[in-house]
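# Structural features, examined
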Amino acid sequence: MSRSAILSLAFCLTLASVVSAQDWARKMFNVTSHDFGTVARGADAIYEFNLQNIYEEDVHVAAVRSSCGCTSPSIKQGDLKTWEKGAIVCKFNTDSFLGEKSATVTVTIDKPYYAEVQLNVRGHIRGDVVFQPGAVKLGSVDQGEPASAKVNVAYAGHSNWQIMDIRSDNPNLAVEMSEPMRTGGRVSYDLTVKLKEGAPVGYIQDHLTLVTNDSRNPNLTLPVEGKVAPAVTVSPAALALGELSPGETIEKKLIVRAKKPFKITSIQCEDKSFQFAQPSDEAKMLHFIPVTYTAGGKSGNQSQKIVIETDIAGGAAGETIATVNVKADQVSDDAAVTLNE
């Protein structure tokens, strides 16, 4: 084999090794590209690329950089232990850029090994449409309570511009739209976005699609942000019972809270080793629930969900996870040793 052929083969092997070395880091991301679609000037266009450490070694995200000023990246939770989650947050700068824009965001990881992962974002920022404010901001809402927010959509251009429809994949959102206000070549709408009472607990990071009669760019994306807080909370959220021997009993106490008086309707737990004191029939904002646990014959680390149901917010419930380590039965172990001997 010639010297040039050997060098070419060595280069190919090195390149393959480098590409392979990056794969371990890329596998932590479920998604590596995002299209913001067509957004209005000033819209709050933000996307989080989630990542999870799926390895035994600790992972450290050292830095992020963008190939374009149209996108500002930042690190959310850069130090990740096994199974911990973080994110690379990408903000599309709709207030200072217009037109079709794209960026490559390079994520630098320096632990446990050096690697770079490239994320891609793109979108079209329209200068003739403005959202005020830049997103539907529902804020923090208690479970079972309604909420609403307003956004003004202003267009400058053709006087016959019209919003034909508003669509959402989130069944918990409803939208009311005012009649258009037209002045010369300007058109504006007031949108009222309502969160339904049955919305589940958790963060809302969604969007509405505004369908217009603009044949060139018919759709606009309006972000929706908010959080539905649980109507009922149970503390501690993790009930640690420690290490027990079979037959040993321990007593703990759960505290159940809400912002308005409530009654506890039931306490659900599949493990019959747990016993709960009868809750009070009185409606109040704070309930104390004594818990008694008696270790059974099954040894090892165990966990069990405890669900406490109430009469507020359509039967809102709180929950905690109880954990315990039951020691192996020493008598059984001794008998096994004797039998083996």
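Quick caveat, the model's predicted, so the values are computed rather than measured. (Residues numbered from 1 in each chain as written. Predicted model: local features only at pLDDT ≥ 70, side-chain atom pairs only at ≥ 80, totals over all residues. Heavy atoms only, no water.)

This brings us to the confidence of the model for the protein chain. Of all residues in the protein chain, 90% attain a pLDDT of 70 or more, and the chain-wide mean is 87. Ranking the helices and strands of the protein chain by mean pLDDT puts strand β3 (residues 59-66) first, with 96, and helix α2 (residues 330-340) last, with 45. Every residue in residues 2-19 is under pLDDT 50, and counting partners more than four places away or in other chains gives one contact. Here residues 332-341 scores under 50 on pLDDT; set against residues more than four positions off or in separate chains, the count is one contact. (pLDDT = per-residue confidence, 0-100. Helix = DSSP H or I, 4+ residues; strand = E, 2+ residues; numbered from the N terminus. Contact = heavy atoms within 4.5 Å.)

Once that is clear, we can look at the sheet that holds strand β6 (residues 85-92). With antiparallel pairing, three strands are arranged side by side in an open sheet as β2-β6-β4. Every other strand in the sheet has two partners, leaving β2 (45-52) and β4 (71-76) as the edge strands with one partner each. The sheet shows a mean angle of 20° between the axes of neighbouring strands, taken without regard to direction. The pairing of β4 with β6 spans six bridges and is antiparallel. From the neighbouring strand, Ser72 faces β6, where its bridge partner is Lys91. (Pairing = 2+ DSSP bridges. Axes fitted to C-alpha atoms, helices over the stretch in contact; angles between N-to-C directions.)

With that settled, consider the packing of aromatic side chains. Here the distance between the centres and the angle between the planes together describe a pair of aromatic rings. Overall, the coordinates contain eight aromatic pairs when judged by the stated rule. Here Tyr155 and Trp161 contribute two aromatic rings whose centre-to-centre distance is 4.5 Å and whose plane-to-plane angle is 10°, an arrangement assigned as stacked. Take Tyr155 and Trp161: they sit in the same class, and that class is buried. Ring centres of Trp161 and Tyr189 lie 6.3 Å apart, and the angle between their planes is 65°; this geometry places the pair in the edge-to-face category. In this pair, Trp161 is assigned in the loop between β10 (147-156) and β11 (163-167) and Tyr189 in strand β14 (residues 186-195), connecting sequence segments 28 residues apart. The two residues Trp161 and Tyr189 agree in class, both being buried. One aromatic cluster in this structure is built from Trp24, Tyr55 and Tyr113. (Phe/Tyr/Trp six-rings, centres within 6.5 Å; stacked < 30°, edge-to-face > 60°. Buried < 20%, exposed > 50% of the residue type's maximum accessible area, 1.4 Å probe, protein only.)

Let us now look at the nonpolar core. In this structure, Ile88, Phe131, Trp161, Leu195 and Leu210 are the most contacted members of the largest nonpolar core, which totals 55 residues. When residues of this core are assigned to their parent elements, the largest contribution, seven residues, is made by strand β8 (residues 115-132). Other than its neighbours up to four places away in sequence, Leu195 contacts Leu138, Val141, Pro146, Ala147, Asn172, Leu173, Ile204 and Val228. Formed by 26 residues, the second largest nonpolar core is a distinct cluster that contains Val234, Ala258, Ile289 and Ala295. (Core = buried A, V, L, I, M, F, W, Y, C linked by side-chain atoms within 4.5 Å.)

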